[in-house]
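Breakdown of the fold
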Amino acid sequence: MNSLRKVAIICAPLLALTATSASWAAPAADPDAEEPAQLRRDLGPVPQKNAVWIEHHGSFRFRPELLLGGDLGAGESGVPSPLAATTGDDSDASTLSWASVRLRYQPTIHIGRSLEVDLGVDALDNLVLGSTYESAGLLSLDLENDAAESPSAGDNGWRDAVRVRYLYGTWHAFDVFDFSFGRMPQAFGLGVQRNGGQCPDCDFGTIVDAMRLGFTFSSFRIEGSWEWTAVGATTATFGELGQPKDLGQEDDVSTYTIQVGQRPVTTAELEQRRVDLDENRYWAFDWNLFTSFTDQALSSSEQLPSSSLECQALYTSASGQELQDVDCIQLYRRDAFFWRSGLWLKAELHPSFGTSLRLEAELAAMVGNVDHPQRLEQVDSSEPKDFRAFGGAFELEYKNPALATGIDLGFATGDNADYVGVLDGQNIVEPDDDNYAQNDNVRNNHVVTSYMFNRDYRLDLILFRQVLGAVTNAVYFKPWIATDVLQMEGATLTARFDALYALAANPEGTPGNGKQWGVELDGRLTLKLESGLSAELGVGVLIPLDALDNRTTGESADPAFAARGLVTWSF
């Protein structure tokens, strides 16, 4: 009995601390927020200097999709034809359908008031339901077993069932400075260039390995970072156990970034912004300037030839890379430099209760050069490539109690080479160096002018999302309108209609050498509950135009239809 009493006396303070700390957790973060941890600063009083507590954030997603005629018939598309149509078993087959789930868990571990650790974990991310089943590939058992199997990279899938997206720590010093280090999501502006991938429908996201130092004062923020974009060859290349080592800095790809801007971050600043907008009816202005520099002198990242007995592959990794002895690694001259910049502007006004006006824009540029894009033994002084690519997006949104409407505008420069550059192929390097001399498309493309939006910048259901893969070589115009068709206690049903028209920025860089990508009409019904549950049904039709005509025969592309469900629960 005495021992039980001692255990109770020891455990009681710990249980009390746990219960008390849980009550201090901030409310659930908006899933569309760029960096949830950065928006949580004033967490209230903490009874002990080193108290530890956890904020739990995350979302569950179920997304069934249907795509009818996504290959555009005789036209050009990044969507493959159904397998039965390719093999000839059903020449009329035109439908692709699939469903996926994802659990995203994003806890923040607080250690006192100044230290925190952020973790992002995805479970079954973008896994096609039914694609990993027991005894996969054994025809005698496929119909006998009815159980799914957890995916494992290199075994029965391309990626593991659970993956860590990011893990980084942050130290907040004197309510002015913050220092972050680790693998972290990175976002800027509207998400054209760097996108945190935090939206419920996002699939990608910009994740960087970096050290970042920030300074915040009176809504003004400046931060700089050093990013390990790629360190090249490590001792993990030949399977060293334990802590691998970087085999030198000569082949490293390093990126240095600077951001300067002004927007509310702390709880007090956000409250002052609310007062300015909703009580004083002032205009609110935010801005941010981003610039980064990336360089690499030598490269060791290419697949190395294993023609000699001494450099035969030790074994092949799950991704297909041949792992060789360290003595077989070679360095090739690269001499690459890139400068990326971005400007984000936002203006907002709440002229009356329930009415708001938002204008937001982001401009982006990528300028650089690579002196030796190919891995060639001979001097290739005539093979350097220059990069000059630009893009931008503008969003205008007006809301009142009856409806919401807006216009989305944007552009992205394009190449005049053979491929669009996202899903269909690329115009920059020839993967097989032996075929480089015969690849006129790559060899003659001395100035690369194609700019690609981040693939998590969502505009539509078909054209940029599925057919092209991203906004690139385009000028687009999309008006939209939305209204609440049903409101009840704890639930809202919203209807929205979008009309997208897209032109080619460089007609010579389209499959059909045409001026117009097409017209897409999309409609959505969204049910939102106060519990955090959201259910959406979207349908769309794409009417492709001359830019998507067949590059060989000139035949016109056929229309495509898409339907997509999106059920999410955020917590």
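Structure's up top.
Structural notes, computed from the coordinates. Keep in mind it's a predicted model, so treat the numbers as computed, not measured.

Scanning the protein for helices and strands turns up six helices and 23 strands. Every one of the 571 residues in the protein was classed for burial, and the buried ones make up 42%. Residue pairs at least 24 apart in sequence account for 66% of intrachain contacts in the protein once pairs closer than 6 positions are excluded. Accessible surface computed for the protein: about 29300 Å², of which carbon and sulfur atoms make up 60%.

On to the side chain of N288. For N288, the location among the structural elements is in strand 11 (residues 284-299). Separated by 3.0 Å, the side chains of N288 and Q259 make a polar contact. Those residues in contact with N288, other than ones at most four positions away along the chain, are F188, Q259, V260, G261, G342, L343 and W344.

Turning our attention to unusual backbone geometry. One non-glycine residue with positive phi stands out, namely L72, at about 60°. Among the structural elements, L72 can be located in the loop between strand 2 (58-68) and helix 2 (83-87). With a phi angle near 50°, S218 is a residue other than glycine that sits in the positive phi range. For S218, the location among the structural elements is in the loop between strand 8 (207-217) and strand 9 (220-230).

Inspection of the secondary structure assignment puts Q259 in strand 10 (residues 253-262). Q259 has contacts with Q186, A187, F188, R221, I222, E223, N288, L289 and F290, leaving out every residue within four places of it along the chain.

Before going further, it helps to examine a negative patch on the surface. A contiguous patch of negative charge on the surface is contributed by E134, D146, E149 and D155. Within the secondary structure, E149 sits in the loop between helix 3 (139-142) and strand 6 (162-173).

Turning our attention to the packing of aromatic side chains. Using the criterion set out here, one finds 13 aromatic pairs in the structure. Here a set of aromatic residues connected by ring pairs shows up, and it is made of Y451, F453, Y457, F464 and Y476. Over the face of the ring belonging to W480 we find R496, whose NZ or CZ atom lies 4.1 Å from the ring centre.

Considering all chains together, one arrives at one disulfide under this definition. Each sulfur of the disulfide joining C199 and C202 lies 1.9 Å from the other. The S-S bond linking C199 to C202 shows a torsion near 110°; that makes this disulfide right-handed. Neither C199 nor C202 differs from the other in exposure class; each is buried.

Another aspect to go through is the pairing of strand 7 (residues 177-185). The side chains of a regular strand alternate, first on one face of the sheet and then on the other. Where strand 6 meets strand 7, seven bridges bridge the pair, whose relative direction is antiparallel. In the strand pairing of strand 7, H172 is matched with D178. Where strand 7 meets strand 8, nine bridges bridge the pair, whose relative direction is antiparallel. Bridge pairing in strand 8 places P185 opposite I207.

Our focus in this paragraph is the nonpolar core. Residues F453, L463, F464, Y476 and W517 are the most contacted members of the largest nonpolar core, which totals 39 residues. Of all the secondary structure elements, the ones that give two or more residues to this core are strand 14 (332-352), strand 15 (355-370), strand 16 (385-399), helix 6 (463-467), strand 19 (474-488), strand 20 (491-503) and strand 23 (560-570). Contact partners of F453, with chain neighbours within four places excluded, come to V192, G391, G392, A393, F411, A412, A470, V471 and Y476. Y166, Y168, V208 and A210 belong to the second largest nonpolar core, which has five residues in total.

Further remarks concern the environment of F453. By the element assignment, F453 lies in the loop between strand 18 (447-448) and helix 6. Sequence-wise, F453 and G392 are 61 residues apart; in three dimensions their C-alpha atoms are separated by 8.6 Å.

With twelve residues, helix 4 (residues 267-278) extends 16 Å from end C-alpha to end C-alpha; this agrees with the ideal 16 Å at 1.5 Å per step. Taken together, the buried positions of helix 4 are occupied by E269, R273, V275 and L277. On its buried side, helix 4 packs onto strand 11 and strand 14.

The subject of this paragraph is the pairing of strand 3 (residues 95-105). Here strand 2 pairs with strand 3 via eleven bridges, running antiparallel. Among the inter-strand pairings, F62 is bridged to a residue of strand 3, identified as V101. Pairing analysis gives five bridges linking strand 3 to strand 5 (residues 115-128), with the strands arranged antiparallel. Pairing of V101 across the sheet is with L127, part of strand 5.

Attention now goes to a nonpolar patch on the surface. Taken together, F220, I222, I258, W287, L289, L343, L345, L363, F390, F411, V475 and L503 make up a surface patch of nonpolar side chains, about 930 Å² in accessible area. Put simply, the parts of the chain that give the nonpolar patch at least two residues each are strand 9, strand 11 and strand 14. Among the structural elements, F411 can be located in strand 17 (residues 404-412).

Time to look at the side chain of D71. Within the secondary structure layout, D71 lies in the loop between strand 2 and helix 2. At 2.7 Å, the side chain of D71 forms a polar contact with the side chain of S81. Those residues in contact with D71, other than ones at most four positions away along the chain, are S77, V79, P80, S81 and P82.

Next up on the list: the environment of S152. On the secondary structure map, S152 appears in the loop between helix 3 and strand 6. In the structure, S152 is positioned ten residues away from V162 in sequence and 9.1 Å away in space, judged by C-alpha atoms. Setting aside residues up to four positions removed in sequence, S152 forms contacts with G157, R159 and D160.

Right, let's talk about the pattern of salt bridges for a bit. For the structure on display, the rule yields 33 salt bridges. With its nearest N and O atoms 4.0 Å apart, the salt bridge here joins R551 to E76. Taken together, the positions of R551 in the loop between strand 22 (533-544) and strand 23 and E76 in the loop between strand 2 and helix 2 put the pair 475 residues apart, joining distant regions of the chain. With a closest N to O distance of 2.9 Å, E223 and R221 form a salt bridge. The pair E223 / R221 is uniform in exposure class, with both members buried.

Calculation rules
- Residues numbered from 1 in each chain as written.
- Predicted model: local features only at pLDDT ≥ 70, side-chain atom pairs only at ≥ 80, totals over all residues.
- Heavy atoms only, no water.
- Helix = DSSP H or I, 4+ residues; strand = E, 2+ residues; numbered from the N terminus.
- Buried < 20%, exposed > 50% of the residue type's maximum accessible area, 1.4 Å probe, protein only.
- Contact = heavy atoms within 4.5 Å.
- Areas by Shrake-Rupley, 256 points an atom, 1.4 Å probe, with all protein chains shown as cover.
- Polar contact = N/O pair within 3.5 Å; in protein donor to acceptor, adjacent residues only side chain to side chain.
- Patch = residues over 30% accessible without salt bridge, like charges linked within 9 Å, V, L, I, M, F, W, Y side chains within 5 Å.
- Salt bridge = Lys/Arg side-chain N within 4 Å of Asp/Glu carboxyl O.
- Lys, Arg positive; Asp, Glu negative; His and termini not counted.
- Charge placed at Lys NZ, Arg CZ, Asp CG, Glu CD.
- Phe/Tyr/Trp six-rings, centres within 6.5 Å; stacked < 30°, edge-to-face > 60°.
- Lys NZ or Arg CZ within 6 Å of the ring centre and 35° of its normal.
- Disulfide = S-S within 2.5 Å.
- Pairing = 2+ DSSP bridges.
- Core = buried A, V, L, I, M, F, W, Y, C linked by side-chain atoms within 4.5 Å.
- Expected span 1.5 Å × (residues − 1).

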